[in-house]
Every structure is written in C-alpha cells, then in structure tokens.
Protein chains: 2
Amino acid sequence: MSDSETNSLDNLVKRDSLVETNSDWSDEEVTVRAGLPVGSLATGLCYDIRMRYHCEVRPTSEVHPEDPRRIYYIYKELCRAGLVDDPESIHPLAPQPMKRINARSATEEEITLIHSEAHYAFVKSTQDMSDEELVYLENNRDSIYFNRLTFTSSLLSAGGAIETCLAVARRQVKNAIAVIRPPGHHAEHDTAMGFCLFNNVPVAARVCQNVLGDQCRKIMILDWDVHHGNGVQKAFYNDPNVLYISIHVYQSGRFYPGGDEGDWDHCGEGAGLGKNVNIPWPDQGMGDGDYMHAFQKVVMPIALEFDPDLVIISAGFDAAAGDVLGGCFVSPSCYAQMTHMLMTLANGKVAVCLEGGYNFRSISKSALAVTKTLMGEPPERLSKTTPTQDAIETVGRVMNIQAQYWRCMYPKPPQHLTGADRLHDVIRAYQAQQLYENFKLTALFIYRTKISKSFENQVLASANYHERVPLIVIFHDPPELMGYPDPVTSRLEAHNCWMADTTKDYIEWILSKGYAVIDVNIPKHISQTPATGKFEKEDENRPTATEELANYLWDNYIDFHEKREVFFLGIGGAFSGVVNLLINRENLYKRVSGIISFVAENPVRAVSSNTQVWLSKWYRDNSLVFVSESHSVWKDKERKPSKRYGKLYKSSKSSLSEMMTESQQQVFEWLADRADEALDETEDEIDEDLPMKG
Amino acid sequence: MSDSETNSLDNLVKRDSLVETNSDWSDEEVTVRAGLPVGSLATGLCYDIRMRYHCEVRPTSEVHPEDPRRIYYIYKELCRAGLVDDPESIHPLAPQPMKRINARSATEEEITLIHSEAHYAFVKSTQDMSDEELVYLENNRDSIYFNRLTFTSSLLSAGGAIETCLAVARRQVKNAIAVIRPPGHHAEHDTAMGFCLFNNVPVAARVCQNVLGDQCRKIMILDWDVHHGNGVQKAFYNDPNVLYISIHVYQSGRFYPGGDEGDWDHCGEGAGLGKNVNIPWPDQGMGDGDYMHAFQKVVMPIALEFDPDLVIISAGFDAAAGDVLGGCFVSPSCYAQMTHMLMTLANGKVAVCLEGGYNFRSISKSALAVTKTLMGEPPERLSKTTPTQDAIETVGRVMNIQAQYWRCMYPKPPQHLTGADRLHDVIRAYQAQQLYENFKLTALFIYRTKISKSFENQVLASANYHERVPLIVIFHDPPELMGYPDPVTSRLEAHNCWMADTTKDYIEWILSKGYAVIDVNIPKHISQTPATGKFEKEDENRPTATEELANYLWDNYIDFHEKREVFFLGIGGAFSGVVNLLINRENLYKRVSGIISFVAENPVRAVSSNTQVWLSKWYRDNSLVFVSESHSVWKDKERKPSKRYGKLYKSSKSSLSEMMTESQQQVFEWLADRADEALDETEDEIDEDLPMKG
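Residues numbered from 1 in each chain as written. Chains lettered and ligands numbered in written order. Predicted model: local features only at pLDDT ≥ 70, side-chain atom pairs only at ≥ 80, totals over all residues. Heavy atoms only, no water.

Chemist: Help me out: how do you make sense of the pairing of strand E16 (residues 566-571) of chain A in this one?
Modeler: Two faces, one strand: in a regular strand the side chains alternate between the faces of the sheet. All names here are of chain A. With respect to burial, E16 is a largely interior element, six of its six residues being buried. One ladder, built from six bridges, connects strand E12 (residues 471-476) with E16; its direction is parallel. Across the sheet, residue Val473 finds its bridge partner in E16, namely Phe568. What joins E16 to strand E17 (residues 594-599) is helix H17 (residues 575-584), and the crossover it makes is right-handed. (Buried < 20%, exposed > 50% of the residue type's maximum accessible area, 1.4 Å probe, protein only. Helix = DSSP H or I, 4+ residues; strand = E, 2+ residues; numbered from the N terminus. Pairing = 2+ DSSP bridges. Right-handed = clockwise from strand over helix to strand, strands pointing away.)

As structure tokens, then:
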C-alpha cells in the first residue's frame, strides 16, 4: 500500500469517530424493529365448505350462475398452486403457506348493524319453509333463490368476512382473502337481491369500527365487481369514514342492478359527500388498460388522500375475461396489478372478500393471481395497457365531479361566473364584424317568433344574395377552439386560446368569382338558457331547429329565381339540418346544383327517401363528402359505404379546419365547373322539371 | 337433515361431475407453477468496503459531502434492522435475509460502452499521480476529487451495479439494492463531474442488454436523485429502448448541474424521442405529496405503457428530509411508496443503485425503507399526501408535452390551427361592440408608431370623456374565461366556455352618475406574433407597455382640465402599469382623486418613491385595495401589511369577477363621496398644490 492509501485509510478511521459531525445522529433513534414485522406474517385464507349448502331447492336444467362450486374451485386452485397446506395441495408449498381463518356464524347484532331486524328475521324464517314456499319466494324476488340452508350459509359468509377483516385489521395476518358465498354487495337494508342476502363487507366494516375504534376508523371499500354495489353505497352514503369506490358497467342504468344510483354523479350526501365514487363504464367489453387507467387517475389518488386504516376489496371476478354475465376482459394479471396498488395503502392492511364471478376458470385464475400478490409474488406484466376512448371519457367525467371533494383531484370545476356570456355568442359577434369588414356581409332578418332567437346574428349574406348568380349557402358549426386551461382552476387565458375559422377562405373565393353567399352559423346549444357553468351536451333539437331555419331561408332568401344555381356547403353537424330539408321537402333537390359536406366526428348522413326515388342517386352524382380518416365509416374495410352517403372522399386530416384547408382547391374547381356549366345550360332553356344532373 | 337438504347436497355432488359445462376447463391448463417462484427468492445486496477507498487525498477541515462513510452507514443500518446475516446484525433476523451480490471491477470494455477510451485512460492515470497532481485536478474540475484509489473504487462501483442488475434481470434474486459509491449519474461520455467518475447505471444497463438480449431489451431508469442525471440523459438521448425519467430540482437551470438540459422540454431525440422525461421542480422544498403526484400522474402511466423488461432506480437520497444540499423533504415512507409502485413493473425486476445523498441519517433511513419494501414489508402511510401548486403546475406541463409521445398521456396538445386567431382579439372586438351598443363607448385613437399595435381597439371612452366631469379610468385584464376542454383533444366547445365581464356593471353605474369613463383592456400577451398553438407565459414587458400607454393617455386624453376629478380603477395585473405611472411621474398623484384596485393572484404593488415623499401616505389615504382571501399578502398573520400597499380589504372571494361583484356597493359609495366632495371643493377654489386629501 502506498503512503497516501494508508493515509486515506487513516482518514477513514479518523473520520468514523467524527460521525456525529454529519448529523443529529443518536443511537436510540437509530434502533429499529428488527426483521420484517409485517412482511414475515402469513396471508390469511377463509374458506368453509358449509357455505356451499345454499343452493336452489329445485335446480332447473339450466345451472344457476351463483353456483355453490364457485368457492370450491377457487379453493382448489389455491391448493393446486401450493399456497395452502392441504392434502389437495401439490408441492413444493410456498415457503409460508396461507394461515387459516375460521369462518363463524355472524350474530344477529352484527347483521343488524347494516340490515333491519325484519330482514334478518325474514332470512331466518326460510329455514323452516317448505320447498313450495321457497320456490315461491324465488319466483317473486329480484334474482335470489333460497333453500333451508340459505340462512346458515349467509351467516357463515358474513361471519367469514368479519373474521377475515378483523384478522387483517388486528395484524394477525399480513393481509387476507375470504373465499365466501353467498355474495353481499347488492343486499340492502331491508332487501335481499342479486344473489345477495346479507351484505358481508359492510357488516364486517362496521364490526371492525366498533371493535377496534380509532385503530380502524377510516375504511376504504374498493368494489371491482362488474355490477354496482348498490347495497354498499346505500349503507355508507352519508358516512364520512367509509370511502366506497365502485368500478362497474352502467349502460345508462340498464345494466344490473339498474337505475341511476351507479352513475358518476352519485357522490354521497351530508357528511359522506365525496366519499362515494362511482366509475360507471358506458358499456361492456372493458379491459386491463381501462381498469389501470381508472386506478391511476381516480382510485389511487383519492385513496391516498383518504388514507384508510383498512382496505376491503369487494372482489367480484365477473369483469374477468370469460365471464358471460360481465362481458369484460380483465386478465388475472390486471387483478394482481390492482391488488398490488391497493397494498400501498393502510400499511398493507388489505382484506379481499369474494362477491360475484361465474366462470369457474376465470374466477379461479383471478383469485389465484390476487392471492399470490397478497403473498408477495410480483404481479405479471399486462399485454394491454392503454385505455379506450370510453374509459378516458368516463374517468375524465369522474375526475371533474370528484374534484369538488378531493384536494388531489384536478381540474377543479369552473366556478360560477357572475353574468357570464356563452363564448359562442362572443365569437359569432366577432365573425359578423369580420365578415362585414372584409366582405360586407350583413345579417338577414329572421322572423323571431318563427325561429329560435338563437339564430339572431347567425345568418349573414353578401349584398348580391338575391341576384341571379350562383348562390352558395354555407351551414357550419361554430369555429373550433383550442386552449390550455389552468390545470388547477380550469381557467383559460384568452391569449392561450385560438380559434380556427376556415370559412373565411371559402367566402373570399366565392365572392371573387362573383357568386353570392349566405353564411349560416349553427350553435351547438340552441336554447337561450344563460351559462350554467355546467358541462352541457350538444342540443338534441339542434337538427330540427336547423331544418326549420333552412326551410325558412329557402322560402324567403334562396328560392327567388327558378333558374338560379344553388349549392349547399355543410360543415360538421350543422349539415344534418340540410339533409333533413332535402329528405322532407319534396323535389327541392331538383333545384339544387350540388352539395359539399365536411364530416369529422358527426355521423355521415344518408340522403334517401321512399317518396323521392331519385334522391339518393341524385345525391351520389351531385355531392362531394369529405370524411376524416379516423371516422367510423371507414372502419369496415370490406364493404364500401352505400351510395346513399354520397360521393365519399377520405381526408387525411381529422379536424374540420384542417380538412377544409386540405380540400380547398378540389372544392373550388368542382364548384366552378358546375356553376359555369349550369349557367350555360340555363342560357339555352332546358326543361325545368328534370333533375339538373344525372 | 331434511329431505330437501340431502336433496340439495346430492345436487352438489351430481353437479361436480358437470363441471365442464361451466367453462372450457382442462387440467393441463389448470396446473400452475407451485408456490411463489419469484416471491420466495431473496432480495440481493451489493456492498464492498473497498468502495470506501476513494476519498480526498488532502481532507480539509470541512468534510466533503461525498464521504466514504455514506455507504458504511447505510450498510450498518440494514444490519441493525436484521436484514443482513452479519455479525453486526441484531436479531431476530428477517426470515430470509438478503443475498450477497459480490462487487467486481468493471472491465475497460464495459466502461467504454458508455465512456470514451480517453476518459477511461484518464481516470486510470490518477492511480500513479502525486498528491500535488491529484489536488491540482480536484481544483480544476467540476465538483470532483481524486486519490490513488479513486480508479479502484470507481471500477468496483460500476462493477457492483453491473452484477446487481444482472442478478435481478436473470432472476437470481427477487430484486436488489447496490450500496455503491462513487455515484455515477453526472458522469458524461468524456467527463467526470459532480462527484461522479463512471456512470454506473448506464454501464450496467448496456451490459444487461448485451448479455441478455431480448430477455432484457427495454430498460427503465428512474432517477429520484435531487439533481438531474445529465450523464444518463446524454447516454440514451436517442435510444428508444431506454426510458429515462428524472425527478429533480431545476430552479430555472441554476441548480446543479445547471443549464437547460434538465428542463421539461428535453424529451429525447430521433428514435429516442419521448423516451426522456424530466420532471423539473421549480425550487427546493418539495415533499412527499409532490413526489406521489409525479408518480401517479406521469411516472407510472408512462412506465406502464413502456412496459420495461428491467427497472433500475438511480437512487440518490439527497431529496430526503435532512439533506442540506437537496433542501427537500421526502420521507423514508415516501421512498418506500415509490419503490412499491415501481415493483408493479417488469414482473418485479427492480434494481436499486445508490447515487447521491449526504446526510448519513437520512440516507440510512431512506435506504432501509426502500430495502424493506423490496423484501416485502408493506410501505408505511404518508403524513402528507397532497401536492403543492408548484408540483401540480410542473407535472401538468410535463403531461402536456409528453402527451405527444405517449398514448396514455392526456390532454393531447392542441393541434396547429390553420389561420387561427387569438381569442383575446375576438373577445375585445365583442366587448367593443357591446360597449358601443350599450353605452356608446368608442375607440380612442392611439398613435401607432408610439404605442404597441396591440392596443388598437383596447382603449374605449364615453362621449363625455373630455368634459369637466369626474373621470374614471379603468385598466383591466382581459375577462376571465372558464371552460371544459375535451379530455383527449383539448378542443373546446364554444357553448361550454363562459366569459365573465364585470366591468359592464361598473361602467353602467359611472355613466348613470353622469361621470365619464375610459375603459382600457390590457392583453396579457402584448406582441403581435400569430397564435403559435404553444402555451405562452404572460408577456414580460406588459407592465412597461402598460405604463407607456397610461402616460400617453394621460397627456392626450385625461389631463385637460386642471380641476377635473380623475380616478383610476385597476383590475388584476393591468394595474401595475398605473402604479408605475404614479411612481415614475413626479407629482402626477396630486392630480388623482382616488385609486381602486382589485388583486387576485398578481402581487400587491407598493406605491412609494424616494423622490415623492408624500406618495405612500397619499396612497394609503386615497386608495381602496381589494385582495383575494387566498392571496399571500394575508399569509403573515402577525405583521399587518405596510401602508405602502394602500388601504387593504380582504375579499371573501378568489376570482376578480366575484370580488368586483361582492364590493360593488362599497366602491360606488366611496367613488360618489369623493367625486361630489371634490366637486364642492373645486367650487370654492382650493390650493391646487396640496394633495387632494389627508
């Protein structure tokens, strides 16, 4: 060793004595609990064959989905995986097999923490009923069956949930899974429904709160069963200490249990406001990417802020791939991922309680993946990780409404603005001014009582609109806006918002050719209600109101000269009003020289009619329809779209403004050809009654 | 047992044979790997005392932060926790102690996968240098010291990282931590800097890719060291297979290593575009809530989509509470939480490599929390879970730019709009029209070459502005906008955006009193550049331009009559131009009868001047300043704000429009009193040279 080495090693030694200099180090503080106090505990398992006694007293040929064997096959799967010390198990066993948690019958006192005495008594009474009575009950209730052992199984199911949650909350196990049935999350205070008699999880939650007090005050219940847990939601709707989050298929309230209770805007009430979070999928078919998205954007941020003392998973596995009732595609790995995420909470105190799930294979595989994760096996990678459009929209809506109740959730909803104007009025006024300054377009008088007041200022025409020159009537959506809102307040800075108004270029060209133009802006929100500060969908009666306006314009401002050339240019959803006019007004089309329309997101409208046999052919021959590349009409590669959709062109762009810029030249040439051609025709008087072309 | 029970139990048996009916169940498929193949593996630990040889050849009185004892104390902490089978350890040991991974010297071939031959040769050459030469190097390089064992330690540090990553990638351990030094993430291709000689993690990553091929192709490097890992970023800047995410303090490029490379807009280049993610904190002082927010919103979604084969954590612990260099407040539990989140990736293949971190106690506690998490201990709960405004804004900006590269990231940036107008022009045109229609306000001519063209149309006055009546000059920000953008495309629907324009009410009242008004709108973005579609900050020269305009207006349109009453009404940031005018223009304040201003977010401006001794007193006596409840000026409960801020009132609202509505009556009465009072005064000619009041 060279001098300097020894030298430096000396320093090392010398310095070790100086350690205090670096920080406020004290040995008491440093001393830590040795080993892995929690990590070295076993994962708990609750399973009891007596929960299989509940079954149909008179099985039909068709096996009932809530089948006693559900829990048996899950248990068997855990054994096959070597996680349970059981004769059935294959070896090698996991280094530390699961610890048994014995189910017991829940007491009447426990059950009635959530349910009415009457309900308890009713379920109890089924013990002594005749088969006929039991069958009668089954036929006269909502999705529920009974036998004389239903009561026994139900008490064991609830008791199993209680013992499992207590064992986790008391740290007798690291975490646990309860493979129990009958399920519970549909059962309400006074009602058995949806295969559920007693609501196991809420009963267990209340017992934990009562027994353990502040040590287990705040409880989070995450319900990933594909159905909404109406019973759980009701049980804690005004309770600030129980956070209920449910991810389920909603289908506008048509999916079981139905009604609007499972919708995103049901957030709890009173002290419980914000402690109820529904993530309602618009339809079936959701998968891993969607569930991960919901967890990343809503479940975990809210859970972290709520900071529960205990997490209970209402684990139905009917969103799993293979479950016909659920119709979704969640993989076992995704269940593992979600479990792993929830394990970051409550210092790992996670209790999993089985709810629904009806495909033996799917529920076994899913429950196995969840259990392995609880036991410390890292979750496997997902094959699909990106969310669908449906998921992004649903989750976005949930974020918007929950932002009122959770500091972590953004953007906050726009606050009510005193005396606020809708921006579409602001913009139209600006357009009117611009169109006047640049092209001397002026507003046409619209007879108010006849047409919605909204159309005031929306119809502008060039001075020559009544002369015998080709006339282009433009029906367009409001111009597209883009902007960055403040990520926190949703406030927009005017200088960071932009407006694209591409009709300008078209109008300029039209006038340069000496043609006339009528520019009609169709707001997406027709009625005159003042700005609410709430998000509003596009008006339903927009197409009707547009048709009405189009009719009015046709009679008063368009159809002067029999021989005049009239073209319609439709931009976006506004065009559907024009389509309605063509379909509903006999022979009007014969007076139209051509139609151009741009379609971005709105549906491509078919132009045809039973009474006007020539209409669709005419439309095919006299239209230019530009459709965005991303539009669904292109989805079906095989079948080419029907000619009733007109002459379709696929645009390489996706936004109206871009599409219109892209196709300018094509449109201008097409218009010019027809306008001039038609002018020639009119010079040598052809029979007016024939359609202009084709 | 009653008949029906046996009956039902029979069914049970009978049905078990029907199991196939329920699903495509086959026994091969069902058979699964027994136990917990990964979960039962040990966590790896790499530590070698020889890495402590590297130290200052001539220690100064002041101990260097990158101190050899750093790794010693971390190792000691792991022993004290009973995680390592070592004489030092206290018992009981963890059921499965950590598995040793031996460090070895990295080879020249390995080092030169990332560094130049020259750099390797240079570091090697320090072995044989004299103390003088070594000290000379230390003095002439950026934050780096040498001794004759620096080369030895550096090779071991890199070799330790390599062996650790290989052991994880090969699944010889469940996961692992390498307690190594000197650190690496600042070291560049040809440069040693920032306590770093060889860049350990990139070297290890490349070796894994070369040795394991497709089995370890995609690697994610998460760098939570408080400094930006410039060396790592450079090493993979154009590499699509290495995702580098760094969370660090940036301080507009002033924080080490400095420059703009660590900013959010450095996203990689070429094939690597989007594979470089910087999350640059604007300042020190960040904590758990901020790091969790970054992980939830950016790190995990991007990581999930990237789906790495291996995750390497560049784990500096200098963002930990207690580290003076970092000045942040990340708790050990937060490090545990972040580790647990990353363990969802790559089927749990996570290798942790030490980088910086200089407080022995902080780094030991943090490393312990991370290690326990790797070993299966659930992370502890956090005391603070909500992000700061700074974090929300930083992360929001990162999301906006990364949305170009990641499908999971929303909102997508607004696409470029052809011929787009800035909305603030649209809105001002509308205001002008409204103010004309309602109050006959007209635009005052602004001499173009003198004042920015932006002010065209921004100055509107009532017809009587030049008469000898009280005049209220309003300087206001553009009206506030609110809106819901599309969560995916950021497109805004005009009918879902609202504009609050509360000056209307004020102008109406002013005119109703027979006073005159000049309404000046000050856009937040002055220059005339066309809309870029990019987010733009508020103009820096806005106050100057505003003052210039105010000056111009004063001379040409305000200061006609010596005895006229002039009031200024400032709304938002626009007011600072008026303040500048009062401060910079001698004695102008004596001609002003009163000032009202509304302050929401912009700073409360002090009105005082060395040359005008009476100014601040005058301001105190002749102003009404309404400040939003949330404003920082109220933060300091003890000290009441200086009188130089004027007469302050705390508003119960937070937005300008709400504040103005709230205080209308108070303002109107105050204005009326002074205006009339002053009129009386002027009738009996008082001395013009005294300030009007007080």
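Chemist: Explanation requested: the layout of surface pockets in the structure shown.
Modeler: Empty space among the atoms becomes apparent when a probe as large as a water molecule is rolled across them. By volume, the second largest pocket is sized at about 680 Å³. As for the second largest pocket, its lining consists of 40 residues, and the residues nearest its centre are Gly39, Lys174 and Met375 of chain A together with Gly39 and Met375 of chain B. Where the lining of the second largest pocket is concerned, the elements lending two or more residues are helix H12 (360-375) of chain A together with helix H12 (360-375) of chain B. Looking at the lining of the second largest pocket, the element that brings in the most residues is H12 of chain A, giving three residues. (1 Å grid on protein atoms, 1.4 Å probe; cavity = no way out; pocket = protein on both sides within 12 Å on 5 of 7 lines; lining within 4 Å. Points joined across faces, edges and corners; volume = space filled by probe spheres on them.)

Chemist: Explain the packing of aromatic side chains to me, please; I cannot follow it from the model alone.
Modeler: Tallied over the entire structure, the rule returns 46 aromatic pairs over all chains. Between the aromatic rings of Tyr506 of chain A and Phe598 of chain A, the centroid separation amounts to 6.3 Å while the plane-to-plane angle is 90°, which identifies the pairing as edge-to-face. Residue Tyr506 of chain A is located in helix H15 (residues 503-512), and its partner Phe598 of chain A is located in strand E17; the two are separated by 92 residues in the primary sequence. Phe598 of chain A matches Tyr506 of chain A in its accessibility class, with the two residues each being buried. When the ring of Tyr120 of chain B is compared with that of Phe198 of chain B, the centres are 6.1 Å apart and the planes differ by 20°; the resulting orientation is stacked. (Phe/Tyr/Trp six-rings, centres within 6.5 Å; stacked < 30°, edge-to-face > 60°.)

Chemist: Looking at this model, I keep getting lost on the packing of helix H14 (residues 423-439) of chain A against helix H14 (residues 423-439) of chain B. Mind explaining?
Modeler: Two measures define how a pair of helices packs: the angle their axes make with one another and the distance between the axes. Put simply, H14 of chain A and H14 of chain B touch, their axes get as near as 9 Å, and they point 80° apart. For the element pair H14 of chain A / H14 of chain B, the angle class is roughly perpendicular. For the pair H14 of chain A and H14 of chain B, contact is made by Leu423, Asp425, Val426, Ile427, Ala429, Tyr430 and Gln433 of chain A and by Leu423, Asp425, Val426, Ile427, Ala429, Tyr430 and Gln433 of chain B, respectively. Taken together, the residues of the contact of H14 of chain A with H14 of chain B break down into ten nonpolar, two polar and two charged. (Axes fitted to C-alpha atoms, helices over the stretch in contact; angles between N-to-C directions. Parallel < 35°, antiparallel > 145°, perpendicular 65-115°, else oblique. Contact = heavy atoms within 4.5 Å. Nonpolar A, V, L, I, M, F, W, Y, C, P; charged D, E, K, R; others polar.)

Chemist: I keep staring at helix H10 (residues 288-306) of chain A and nothing clicks. Help me out?
Modeler: Side chains of residues three or four places apart in an α-helix project in the same direction, reflecting 3.6 residues per turn. Residues and elements named next belong to chain A. The largest bend in H10 amounts to roughly 45° and is located at Phe295. The buried fraction of H10 amounts to 19 of the 19 residues, a majority that puts the element mostly inside the structure. Downstream of H10 by one or two residues, Asp307 has phi in the positive range, about 55°. (Bend = angle between axes of the 7 residues up to and from the residue.)

Chemist: Sorry if this is basic, but what is going on with the pattern of salt bridges here?
Modeler: Between side chains of opposite charge, pairing is possible as soon as their charged atoms come close. All names here are of chain A. The tally for this structure, following the rule as stated, stands at 44 salt bridges over all chains. The shortest N-O distance in the salt bridge between Glu110 and Arg104 comes to 2.8 Å. Here Glu110 falls in the buried class, since its relative accessible area comes to 12%. Measuring nitrogen to oxygen at the nearest pair gives 2.5 Å for the salt bridge that ties Asp477 to Arg542. Pair noted here: Asp477 is in the loop between E12 and strand E13 (480-485) and Arg542 is in helix H16 (residues 542-558), with a separation of 65 residues, a long-range link. With relative accessibility at 2%, the residue Arg542 sits in the buried group. Connected via shared salt-bridge partners are Glu66, Arg70 and Arg181. (Salt bridge = Lys/Arg side-chain N within 4 Å of Asp/Glu carboxyl O.)

Chemist: Would you take a moment to explain unusual backbone geometry for this structure?
Modeler: Excluding glycine, residues mostly have negative phi values, and the peptide bonds linking residues are mostly trans. All names here are of chain A. With omega at -5°, the peptide bond leading from Arg181 into Pro182 counts as cis. Mapped onto the elements of the fold, Pro182 is located in the loop between strand E3 (175-178) and helix H8 (200-212). Cis geometry is found at the peptide bond from Tyr256 to Pro257, where omega equals 0°. A positive phi angle, near 60°, is found at Asn587, a position not held by glycine. Within the fold, Asn587 resides in the loop between H17 and E17.

Chemist: Teacher, can you tell me more about helix H3 (residues 69-80) of chain B here?
Modeler: Residues and elements named next belong to chain B. Spanning twelve residues, H3 covers 16 Å between terminal C-alpha atoms, matching the ideal 16 Å at 1.5 Å per step. With respect to burial, H3 is a largely interior element, twelve of its twelve residues being buried. Arg69, Arg70, Ile71, Tyr72, Tyr73, Ile74, Tyr75, Lys76, Glu77, Leu78, Cys79 and Arg80 are the residues of H3 that are buried. Gly82, located one to two residues past H3, shows a positive phi value of around 75°. (Expected span 1.5 Å × (residues − 1).)

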